[in-house]
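What follows is the residue order along each chain.
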Amino acid sequence: MQTIQSVNKMQSYAIEVRSSGDSIALVPTMGSLHKGHLSLIDIAKEKADKVIVSIFVNPTQFGPSEDYKKYPRVLKEDTKKCEERGADVLFTPPVEAMFPADYSAYVQEERFSRGLCGVSRPHHFRGVTTVCLKLFNIALPNLAVFGLKDAQQCAVIRKMVTDFNLPVQIVIGPTHRDEDGMATSTRNVYLTDLQRQEALCISKSLKIAKDMVDSGTKNVDRIVAEVTHHLSSKRRIRVIYVQVVDRDTMEPSNEIIRGRSLLCAAAWVDQTRLIDNIEL
Ligand code: PAF
């Protein structure tokens, strides 16, 4: 595996691979790689000749009071994991190369990014789409792999790709969960044992919702109320949203449509913001 820092070198490598007829899969990440990321690398390897993993903690997707500075950066461990997993290239551009001081072009998706996390993180998706478009232009992937845990991010990126006619296939990998059901997330490292115990309530309450639907409950309000009630019973949890949305558009639904409805939840566990979702 080679590590490339330079944007120009990354682009030249990608041009060479593509002109030799080989395909490229990109796994965009912000590092601090966990099993969820590694499962995305596996998907990428199955689908393309060359796998590029990018690690870039993107300042433009963090709000001023968010955790950009304290976001974990563990490049040495990440490099080892990517190498062991069989990635071909690790792309780690410096922030000044991606967003120099005079940077001024942004991409804004205006529909799917509005609700859910878009309400409390108004600039987040603009940062995500901007960095993804840049990464697509630099790494020239045939396909890019994202995890379903960030369902709204997946929908917003898909919409950008469709609306801009980008020649990149978006592949979504399933949410990876720890044995206790907790969705793997980089931000889980912020949690103490006690906080983690309470945070487990998020995945558990989503499972309760799924069981309700499976046993015939159709009323969206009832399901949302039940999940909110469960979450609110924990001392450290503050609910940000619990909502049933359409899987593709992220717009709220007031009925459950099998295979389309997604229940999404976001909550603070003390100072840590966590999200999760389940297909109903
Ligand atoms: O999901 C993430 O880690 C980030 O939002 C992404 C897609 C790498 C863009 O910075």
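K.L.:
How would you explain the pairing of strand β6 (residues 169–173) if you had to name every residue and give the values?
P.N.:
As judged from the 5 bridges shared by strand β5 (residues 143–147) and β6, these two strands associate in the parallel manner. Bridged to Phe-146 within β6 is Ile-172. Between the parallel elements β5 and β6, the chain passes through helix α7 (residues 151–163) in a crossover that is right-handed.

K.L.:
Could you give me a rundown of the site of the ligand, with the residues and numbers involved?
P.N.:
The environment of the ligand is made up of Pro-28, Thr-29, Met-30, Asn-58, Gln-61, Val-128, Val-131, Phe-146, Asp-150 and Gln-153. Gln-61 places a polar side-chain atom, nitrogen or oxygen, 2.6 Å from an oxygen atom of the ligand. Take Gln-153: an N or O atom from its side chain is 2.7 Å from an oxygen atom of the ligand. Burial of the ligand by the protein amounts to 89% of the accessible area it has alone, namely 290 Å². For the shell around the ligand, a count of residues per class yields 5 nonpolar, 4 polar and 1 charged.

K.L.:
How would you summarise the sheet that holds strand β2 (residues 24–29) if you had to cite specific residues and measurements?
P.N.:
Across the sheet, which stays open at both edges, the 6 strands sit in the order β1-β4-β3-β2-β5-β6 with parallel pairing between neighbours. Each edge of the open sheet carries a strand with a single partner, namely β1 (2–4) and β6. Taken pair by pair, the neighbouring strands of this sheet meet at an average axis angle of 25°, ignoring direction. As defined by bridge partners, β1 adjoins strand β4 (residues 89–91) across 3 bridges and the pair is classed as parallel.

K.L.:
Account for helix α9 (residues 220–232), with residues named and values stated.
P.N.:
Given a rise of 1.5 Å per residue, 13 residues ought to cover 18 Å, and the 18 Å separating the end C-alpha atoms of α9 matches this to within 8%. Taken as a whole, α9 has its buried residues at Val-220, Ile-223, Val-224, Val-227 and Leu-231. The arc that holds every buried residue of α9, seen down its axis, measures 95°, which confines them to one face. With respect to the buried face of α9, the exposed residues turned more than 90 degrees away are Asp-221 and His-229. For α9, the side-chain oxygen to backbone nitrogen distance between the N-cap and Asp-221 is 2.9 Å, and the N-cap itself is Asn-219.

K.L.:
Now, about the layout of surface pockets: what can you tell me, with residues and values included?
P.N.:
By volume, the second largest pocket amounts to about 250 Å³. For the second largest pocket, the lining is made up of 17 residues, of which Ile-55, Phe-56, Val-57, Arg-73 and Pro-93 are closest to its centre. Residues of the lining of the second largest pocket, tallied by class, amount to 11 nonpolar, 4 polar and 2 charged.

K.L.:
So what about the packing of helix α8 (residues 193–214) against α9? Which residues, and what values?
P.N.:
Between α8 and α9, the shortest axis-to-axis distance is 9 Å and the interhelical angle comes to 155°. By the angle between their directions, the pair α8 and α9 is classed as roughly antiparallel. In this structure, α8 meets α9 at a crossing whose hand is right-handed. Between α8 and α9, the residues in contact are Cys-201, Ile-202, Ser-205, Ile-208, Ala-209, Met-212 and Val-213 and Arg-222, Ile-223, Glu-226, Val-227, His-230 and Leu-231, respectively. Partitioning the contact of α8 with α9 into residue classes produces 9 nonpolar, 2 polar and 2 charged.

K.L.:
Account for empty space enclosed by the protein, with residues named and values stated.
P.N.:
The gaps left among the atoms become clear once a water-sized probe is rolled over them. In this structure the tally under the stated criterion is 1 cavity of 30 Å³ or more. Taken as a whole, the largest cavity spans an internal volume of roughly 90 Å³. Residue lining of the largest cavity: Lys-149, Met-182, Ala-183, Ser-185, Asn-188, Ala-199, Ile-202, Ser-203, Leu-274, Ile-275 and Asp-276, and that is the complete set. Grouping the constituent residues of the lining of the largest cavity by class yields 6 nonpolar, 3 polar and 2 charged.

K.L.:
An account of the packing of aromatic side chains is needed here, citing residue identities and associated values.
P.N.:
Aromatic ring pairs are defined here through the distance separating the ring centres and the angle between the ring planes. Under the defined criterion, the tally for this structure stands at 5 aromatic pairs. Ring geometry for Tyr-103 and Tyr-106: centres 5.4 Å apart, planes at 85°, overall edge-to-face. A residue is classified by how much of its surface remains accessible, and Tyr-103, at 22% relative accessible area, is partly exposed. Ring-pair connections join several aromatic residues into one group, and the members of that group are Phe-56, Phe-99, Tyr-103 and Tyr-106. Above the ring of Tyr-68, the side-chain terminus of Arg-73 is found at 4.9 Å from the ring centroid. Geometry around Phe-99 places Lys-134 over its ring, the cationic atom sitting 5.4 Å from the centre.

K.L.:
Before we move on, can you summarise the nonpolar core with the specific residues and values?
P.N.:
One recurring pattern in soluble globular proteins is that nonpolar side chains are buried together. In this structure, Ile-52 and Phe-136 are the most contacted members of the largest nonpolar core, which totals 32 residues. Broken down by secondary-structure element, the contributors of at least two residues to this core are α1 (7–19), β2, β4, α6 (124–139), β5 and α7. The greatest single-element share of this core, amounting to 8 residues, is contributed by α6. Beyond its immediate chain neighbours, meaning those up to four positions away, Ile-52 contacts Met-10, Tyr-13, Ile-24, Ala-25, Leu-26, Val-27, Val-89, Phe-91 and Ala-139. Of all hydrophobic cores here, the second largest spans 26 residues; its members include Leu-191, Ala-209, Ala-267 and Leu-280.

Parameters at a glance
- Residues numbered from 1 in each chain as written.
- Predicted model: local features only at pLDDT ≥ 70, side-chain atom pairs only at ≥ 80, totals over all residues.
- Heavy atoms only, no water.
- Pairing = 2+ DSSP bridges.
- Helix = DSSP H or I, 4+ residues; strand = E, 2+ residues; numbered from the N terminus.
- Right-handed = clockwise from strand over helix to strand, strands pointing away.
- Near = heavy atom within 4 Å.
- Polar contact = N/O pair within 3.5 Å; in protein donor to acceptor, adjacent residues only side chain to side chain.
- Areas by Shrake-Rupley, 256 points an atom, 1.4 Å probe, with all protein chains shown as cover.
- Nonpolar A, V, L, I, M, F, W, Y, C, P; charged D, E, K, R; others polar.
- Axes fitted to C-alpha atoms, helices over the stretch in contact; angles between N-to-C directions.
- Expected span 1.5 Å × (residues − 1).
- Buried < 20%, exposed > 50% of the residue type's maximum accessible area, 1.4 Å probe, protein only.
- Arc of directions from axis to C-beta.
- 1 Å grid on protein atoms, 1.4 Å probe; cavity = no way out; pocket = protein on both sides within 12 Å on 5 of 7 lines; lining within 4 Å.
- Points joined across faces, edges and corners; volume = space filled by probe spheres on them.
- Parallel < 35°, antiparallel > 145°, perpendicular 65-115°, else oblique.
- Left-handed = near helix turned anticlockwise from the far one by under 90°.
- Contact = heavy atoms within 4.5 Å.
- Phe/Tyr/Trp six-rings, centres within 6.5 Å; stacked < 30°, edge-to-face > 60°.
- Lys NZ or Arg CZ within 6 Å of the ring centre and 35° of its normal.
- Core = buried A, V, L, I, M, F, W, Y, C linked by side-chain atoms within 4.5 Å.

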